[in-house]
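# Results of the structural survey
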Amino acid sequence: MPIVAIAKLFAKPGQLDALIESLKPESDYVKNEELTTSAYYFFKPEEEVNTLLGIELYESKENLETVHMQSGPFKTFVDAATAVSEKPFDLEFFEPADIGFLTRPNFSSLQAPNVFVLQVYFVVKPGTREKVLGYLNEIAKDVWEEEDGCFSYYYAKSIDNPDKFMIFERYVDRPAWDITHRAGAKFIEMFKRLDDEDLVVSRFIYECYESGVGFLGRD
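The text that follows walks through the structure, step by step, so that each part is easy to find. (Residues numbered from 1 in each chain as written. Predicted model: local features only at pLDDT ≥ 70, side-chain atom pairs only at ≥ 80, totals over all residues. Heavy atoms only, no water.)

### What to know about the overall build of the protein chain
Within the protein chain one finds six helices and eight strands. Reading the secondary structure of the protein chain in the N-to-C direction produces β-α-β-β-α-α-β-β-α-β-β-α-α-β. Relative to the 2.2 N^0.38 estimate, which gives 17 Å for 219 residues, the radius of gyration of the protein chain is 17 Å and therefore close to what a compact globule would have. Seen along its three principal axes, the alpha-carbon backbone of the protein chain occupies a region of about 50 × 35 × 35 Å. Burial statistics for the protein chain: of 219 residues in total, 49% are counted as buried. For the protein chain, the share of sequence-separated contacts (at least 6 apart) that also reach a separation of at least 24 residues comes to 82%. Only carbon and sulfur atoms are counted for the fraction: they give 51% of the accessible area of the protein chain, which is about 10,300 Å². Of the charged side chains in the protein chain, 23 are positive and 39 negative; the average position of the first set lies 3 Å away from that of the second. (Helix = DSSP H or I, 4+ residues; strand = E, 2+ residues; numbered from the N terminus. Rg over C-alpha atoms; globule rule 2.2 N^0.38 Å. Buried < 20%, exposed > 50% of the residue type's maximum accessible area, 1.4 Å probe, protein only. Contact = heavy atoms within 4.5 Å. Areas by Shrake-Rupley, 256 points an atom, 1.4 Å probe, with all protein chains shown as cover. Lys, Arg positive; Asp, Glu negative; His and termini not counted. Charge placed at Lys NZ, Arg CZ, Asp CG, Glu CD.)

### Here we look at the side chain of Arg104
Within the element layout of this structure, Arg104 appears in the loop between β4 (85–101) and β5 (116–124). Buried charged residue Arg104 carries no salt bridge. Nearest counter-charge: Asp148, at 4.6 Å. Reaching out from Arg104, the side chain makes a polar contact with the backbone oxygen of Glu147 at a distance of 2.9 Å. Ignoring sequence-local partners within four residues, the contact set of Arg104 consists of Val143, Trp144, Glu147, Asp148, Cys150 and Phe151. (Salt bridge = Lys/Arg side-chain N within 4 Å of Asp/Glu carboxyl O. Polar contact = N/O pair within 3.5 Å; in protein donor to acceptor, adjacent residues only side chain to side chain.)

### Digging into the sheet that holds strand β3 (residues 51–58)
Strand-to-strand pairing in sheets goes through backbone hydrogen bonds, with the strands running parallel or antiparallel. One closed barrel holds the eight strands; their spatial order is β1-β3-β2-β8-β5-β7-β6-β4, and the pairing between them is antiparallel. Strand-to-strand twist in this sheet, taken as the mean axis angle between neighbours without regard to direction, amounts to 35°. When β5 meets strand β8 (residues 200–216), the two strands line up antiparallel, connected through nine bridges. From the neighbouring strand, Val120 faces β8, where its bridge partner is Ile205. Its contacts with the sheet place helix α1 (residues 16–33) against β1 (3–11), β2 (39–45), β3, β4 and β8, and it is angled at close to 75° to β8. (Pairing = 2+ DSSP bridges. Axes fitted to C-alpha atoms, helices over the stretch in contact; angles between N-to-C directions.)

This is the structure in structure tokens:
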């Protein structure tokens, strides 16, 4: 089963750039040698200035554990990162929800420093996750057809929590999300439905920018 790993790395104060630099050789190795890894992409939260987030998409959890984590470049990265990290990295596991798109064609590589990235976590009322995802799938279809400024709009379901899912979003810039996306008729309609039916328990959003490391998909 394909597995989505959401990574969270914790740099010591003032050491985020050093942490990012330590990751670059390993990211290049993954792109060139680990050909069953579909995504390995990292981004910087605006507010948590010493944190680095990543989305990684593997053929299976076994592939992550027995291939990726056993490679020489990964071990070299861990050694280098340890010196500039506050604590070990976290991994949270999801499975693809088969909703949305990881990247538009020809937009799998890094784009520009002003590319705006969102990592959105939802917890919904018990037993309603598939219903909520059905509503939000209507937004995903609309985004694909109408929002050329959205490069990624990808859903994944938590493996450990049956009431949790996440959306990974990537836009040409912040206004493409804040002005264009959130003003979309389908977005407004579906979120009103979620509010009217009181289905969402909590929602948390990381607002981020590209780090200069990684890739999404394989054009």
